[in-house]
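Tertiary structure, described
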Amino acid sequence: MEMRAIFAAELDQMMEKDERVVVIDADLSKANGTLFLRGKYPERAFDVGVAEQNMASIAAGLASYGFVPFITSFCPFATRRICDQLAVSIAYARQNVKIVGSDPGISAELNGGTHMGMEDIAIMRSIPSMVVFEPVDGIQLKKAMPQILKHEGPVYLRLFRKKRPQIFNEDYEFDLFKADVLKEGRDVSIIASGIMVEEALKAHAELKSQGIEAEVINVHTLKPLDSEVILKSVQKTGCAVTAENHNIIGGLRSAVAETISEYFPVPLKSVGVQDVFGEVGRLEELKDIFGLTAENIAVQARKAIAAKNS
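The present account deals with the structure reproduced in this document. A quick note: this is a predicted structure, and the numbers were derived from the prediction, not measured.

When we look at burial in helix α9 (residues 227–237), the residues that qualify are Val229, Ile230, Leu231, Ser233, Val234 and Thr237. Trailing α9 by a residue or two, glycine 238 shows a phi angle of about 85°, which is positive.

Given below as structure tokens:
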């Protein structure tokens, strides 16, 4: 099932059980899978048109009356375009609004550079009280939705819209604020998020064939970062690589670097968008163009190990 379908189905269940839950779209309800909710909940599902700032302001107002709004748009329009409303009307005003940005980074594909949120995590991490979450597969998304609803305060959900390979089993125990150690290792820590977790696991297999034991960590919540898991890993391995579908400035790399530089400095390499804008292309083509591949993760892992040994 597509990630947007899982998101909409979970939202449907929430709206059925909890009359506080509201969904507000900005002319993308069909693209984001929430269009059917307007027929089922006409008094709690709205489309404001191409007016994202207004969407955020309406959500803040509804939250002030006890509702829990979920606002949805494409990634850059749910973050970059409405940054002031997110910071002032929602976060500063302590309003319980959930922000959903779809098609993050290169996953915008044919919509091109204008629609590629390469800086959304950096923006959202900089806003006080904001939780930043990116699910790796449908199971994790499904398990996360009730915890996102339960959390009192703004949450940014960075949502890949289409199908994703399954990483977790149904019995997976999810914690919104705890990172997942997917593979244990002793030579290098590979710390990944979103679509790069799949690539990190492929890199793990490649490195293992070369006698290198990599530890793979899925960081689904980038703020607050699970520093305990990160530090425990790098204290064991002595070096690390971050892998993200985002600008290397301000996202996962920055969050990890801030933590390890303060508490346990080790060599750190990074795989991510190298401070450039996006471009039109298919996902697999764009992975190659921007170096978001298992092969590049393995290369950077070997470089991190070499830096550690030198």
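Structure's up, so let's keep going.
Turn by turn, an α-helix covers 3.6 residues, leaving residues three or four places apart pointing in a common direction. Between its first and last C-alpha, helix α3 (residues 52–64) extends 19 Å over 13 residues, near the 18 Å set by a 1.5 Å rise per residue. Elements that come into contact with the buried residues of α3 comprise β1 (21–25), β3 (68–74), α4 (75–78) and α5 (83–92). Following α3 by one or two positions, glycine 66 adopts a phi angle in the positive range, close to 100°.

All right, on to the pattern of salt bridges then. Within the structure shown, the criterion is met by 21 salt bridges. When the shortest N-O distance is used, the salt bridge between aspartate 103 and arginine 161 registers 2.8 Å. Taken together, the positions of aspartate 103 in the loop between β4 (98–102) and α6 (120–125) and arginine 161 in the loop between β6 (155–159) and β7 (180–183) put the pair 58 residues apart, joining distant regions of the chain. Where arginine 302 meets glutamate 206, a salt bridge forms, and the shortest distance between an N and an O atom there is 3.7 Å.

What follows covers the packing of α3 against α5. Taken N-terminus to C-terminus, the directions of α3 and α5 make an angle of 10°; their axes are 9 Å apart at the nearest point. Regarding the angle of α3 to α5, the classification is roughly parallel. Judged by residue contacts, Gln53, Ala56, Ser57 and Ala60 of α3 engage Gln85, Ser89 and Ile90 from α5. Each residue belonging to the contact of α3 with α5 can be placed in one class, and the counts come to three nonpolar, four polar and no charged.

The next point concerns the sheet that holds strand β12 (residues 268–273). The sheet built from five strands is open, its strands ordered β7-β9-β8-β11-β12 with mixed pairing. Because the sheet does not close on itself, it has two edges, and the strands there are β7 and β12. Taking the axes of each pair of neighbouring strands and ignoring which way they run, one obtains an average angle of 25° across the sheet. Sheet topology places strand β8 (residues 188–192) next to strand β11 (residues 240–247); four bridges connect them, and they run parallel. Its bridge partner being in β11, serine 189 is matched across the sheet by alanine 240. On top of the sheet, α9 reaches β7, β8, β9 (214–218) and β11; it is set at about 170° to β9, its chief contact.

Attention now moves to the packing of α9 against helix α10 (residues 252–263). Between α9 and α10, the shortest axis-to-axis distance is 10 Å and the interhelical angle comes to 60°. When the axis of α9 is compared with that of α10, the two are oblique. Between α9 and α10 the crossing geometry is right-handed. Touching Ser227, Ile230, Leu231 and Val234 of α9 are Val256, Thr259, Ile260 and Tyr263, all from α10. A class-by-class count of the residues in the contact of α9 with α10 yields six nonpolar, two polar and no charged.

The topology assignment puts glycine 113 in the loop between β4 and α6. Placed 166 residues apart in sequence, glycine 113 and glutamate 279 show a C-alpha to C-alpha distance of 4.5 Å. Among residues more than four places away in sequence, those in contact with glycine 113 are Gly278 and Glu279.

Once that is clear, we can look at the pairing of β12. As defined by bridge partners, β11 adjoins β12 across five bridges and the pair is classed as parallel. Bridging across to β12, alanine 240 finds its partner in leucine 268. As for the winding sense of the linkage, the β-α-β connection from β11 through α10 to β12 is right-handed.

With that out of the way, let us pick up unusual backbone geometry. Note that the residue after lysine 223, namely proline 224, is joined by a cis bond; omega there is -5°. One non-glycine residue with positive phi stands out, namely arginine 94, at about 60°. Its place among the elements puts arginine 94 in the loop between α5 and β4. Phi at serine 129 is positive, roughly 75°, even though this residue is not glycine. As for its placement among the helices and strands, serine 129 is situated in the loop between α6 and β5 (131–133).

Strand order in the open sheet formed by seven strands is β2-β1-β3-β4-β6-β5-β10, with mixed pairing between adjacent strands. Where the open sheet ends on each side, the last strands, each with one partner, are β2 (45–47) and β10 (221–223). Within this sheet the neighbouring strands show an average axis-to-axis angle of 20°, counted without direction. With five bridges joining them, β3 and β4 adopt parallel strand pairing. When the bridges of β4 are listed, phenylalanine 70 appears paired with lysine 98.

Another aspect to go through is the packing of aromatic side chains. The final tally for this structure, using the stated rule, is four aromatic pairs. Taking the centre distance of 5.8 Å and the plane angle of 70° together, the rings of phenylalanine 133 and phenylalanine 174 count as edge-to-face. Of this pair, phenylalanine 133 sits in strand β5 while phenylalanine 174 is found in the loop between β6 and β7, placing the two residues 41 residues apart along the sequence. Per residue, the accessibility class of phenylalanine 133 equals that of phenylalanine 174, and both read buried. Following the ring pairs from residue to residue traces out a cluster consisting of Phe133, Phe168, Tyr172 and Phe174. Over the face of the ring belonging to phenylalanine 160 we find arginine 164, whose NZ or CZ atom lies 5.0 Å from the ring centre.

What counts and what doesn't
- Residues numbered from 1 in each chain as written.
- Predicted model: local features only at pLDDT ≥ 70, side-chain atom pairs only at ≥ 80, totals over all residues.
- Heavy atoms only, no water.
- Buried < 20%, exposed > 50% of the residue type's maximum accessible area, 1.4 Å probe, protein only.
- Helix = DSSP H or I, 4+ residues; strand = E, 2+ residues; numbered from the N terminus.
- Expected span 1.5 Å × (residues − 1).
- Contact = heavy atoms within 4.5 Å.
- Salt bridge = Lys/Arg side-chain N within 4 Å of Asp/Glu carboxyl O.
- Axes fitted to C-alpha atoms, helices over the stretch in contact; angles between N-to-C directions.
- Parallel < 35°, antiparallel > 145°, perpendicular 65-115°, else oblique.
- Nonpolar A, V, L, I, M, F, W, Y, C, P; charged D, E, K, R; others polar.
- Pairing = 2+ DSSP bridges.
- Left-handed = near helix turned anticlockwise from the far one by under 90°.
- Right-handed = clockwise from strand over helix to strand, strands pointing away.
- Phe/Tyr/Trp six-rings, centres within 6.5 Å; stacked < 30°, edge-to-face > 60°.
- Lys NZ or Arg CZ within 6 Å of the ring centre and 35° of its normal.

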